[in-house]
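# Results of the structural survey
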Amino acid sequence: MDLDLALVRTFTTTAGTLHFGRAAEELNTSQQALSKRIARLEELVAARLFEREGGVRLTEAGERFLPAAHEALAAGERAIAAVGGAGSVVRIDTWGHLYAPMRTVAQAVQALGPVRLEPGPGRDWPSVAQALLRGESDLGFGRVHPLPDGRDAGLTQRLVRLEPVDALVGPSHPLAGANALRPADLRGSTLWCPAELSRLDFLRRFADHFALTRRQDGPNLGLDHLVQHLRGDAGSFTLFPADAPLPDHAGLRAIPLVEPTPLYAWSLAWRESARHPQLDTLLRGFTETGRSRRWLDYAPQRDWLPDTDHAKLAVD
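The model shown is predicted, which means the values in this text are computed figures rather than measured ones.

### Notes on the environment of alanine 265
Positionally, alanine 265 belongs in strand S11 (residues 261–271). Take alanine 265: its relative accessible area is 0%, and that puts it in the buried class. Sequence separation between alanine 265 and lysine 312 is 47 residues, and the spatial gap between their C-alpha atoms is 9.0 Å. Beyond its immediate sequence surroundings of up to four residues, alanine 265 is in contact with Gly142, Arg143, Leu159, Arg161, Leu162, Asp309 and Lys312.

This is the structure in structure tokens:
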């Protein structure tokens with residue numbers, strides 16, 4: 001069987017929208033033409049891919065076909081890039097955007113030459129894991145943690161950076177004048193969480209481990225919103241990577257944490273069965289940059305990591 005990639009793209013676009021009209025608009029075609037393409041593809045694969053009654057949804061066969069369809073399109077793009085002498089694009093999804101993940105990625109790829117990245121904003125680790133498993137992304141970068149019900153089964157990860165985090169407080173906070181703080185010193189303050197705490201695995205584990213019982217969460221409306229909240233609330237603090245940039249107008253104090261120093265674990269994740277041709281090159285870039293910048297320095301008597309991150313150290 002020879003699969004027409006135009007038909008495959010029609011399928012993936014429709015699977016993404018679950019609406020024939022919107023998919024037709026994205027593909028700049030008519031709904032009638034799109035329906036004919038889907039019907040032709042279903043005839044070729046000898047399976048019904050969509051249920052049409054009561055709303056459009058994927059059948060079990062469609063669910064099974066979707067990751068392979070994304071892989072087929074990616075392979076086609078790589079083939080075209082190879083003919084033109086260009087490296088194939090690596091689709092990389094990042095999450096933890098307040099912590100500026102792309103600054104680490106940029107440092108790692110800076111010296112690699114012709115590696116072409118197509119960054120995409122992931123909502124969080126669970127959503128990026130699903131995108132990797134469906135073949136919608138080639139690589140994920142952020143803090144990886146175990147997902148319930150084996151939802152990350154089939155994915156491989158590599159720890160690439162351990163970054164110290166500071167306590168970030170407003171100018172009116174009682175501890176704003178400190179040169180350094182222990183995590184235990186923060187027990188009288190409220191940990192501000194820029195999302196539901198159940199979704200912020202690192203902050204939740206930090207608060208549990210150091211018995212920080214005062215916690216408040218709210219929507220993630222971006223870095224400026226976080227800055228404004230801390231400036232206006234003298235009793236709140238949050239954690240922020242020591243090397244991450246803050247706006248010039250922030251007016252906040254970033255205070256190093258010691259005894260111990262919490263470390264935020266940045267990892268790469270990918271699906272081994274759909275390993276991108278450029279992955280080894282990227283891994284080499286992270287390894288070399290990490291070695292020169294000492295990204296993986298860790299001393300148990302000095303630093304703190306959540307238990308789930310200790311397992312990564314054992315593997316890496």
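### Let's talk about the domain arrangement of the protein
Considered domain by domain, the protein is made up of domain 1 (5–84), domain 2 (90–161 + 265–295) and domain 3 (163–262). The centre of domain 2, based on its C-alpha atoms, is set 25 Å off from the matching centre of domain 3. Contacts between the two partners involve 10 residues from domain 2 and, on the opposite side, 17 residues from domain 3. When domain 2 packs against domain 3, the two sides together hide about 1200 Å² of surface, and 52% of this comes from carbon and sulfur. The largest contributions to the domain 2 side of the interface with domain 3 come from Leu98, Tyr99 and Arg143, which together make up 54% of the buried area. Where domain 2 touches domain 3, the interface holds five salt bridges. A salt bridge links glutamate 163 to arginine 161; the shortest N-O distance between them is 3.8 Å. The interface formed by domain 2 and domain 3 includes six residue pairs in polar contact (both at pLDDT 80 or more). Of the residues in the side of domain 2 that touches domain 3, the class split is four nonpolar, one polar and five charged.

Definitions and cut-offs
- Residues numbered from 1 in each chain as written.
- Predicted model: local features only at pLDDT ≥ 70, side-chain atom pairs only at ≥ 80, totals over all residues.
- Heavy atoms only, no water.
- Helix = DSSP H or I, 4+ residues; strand = E, 2+ residues; numbered from the N terminus.
- Buried < 20%, exposed > 50% of the residue type's maximum accessible area, 1.4 Å probe, protein only.
- Contact = heavy atoms within 4.5 Å.
- Domains from an automatic or database assignment.
- Buried area = accessible area lost by both parts, 1.4 Å probe.
- Salt bridge = Lys/Arg side-chain N within 4 Å of Asp/Glu carboxyl O.
- Polar contact = N/O pair within 3.5 Å; in protein donor to acceptor, adjacent residues only side chain to side chain.
- Nonpolar A, V, L, I, M, F, W, Y, C, P; charged D, E, K, R; others polar.

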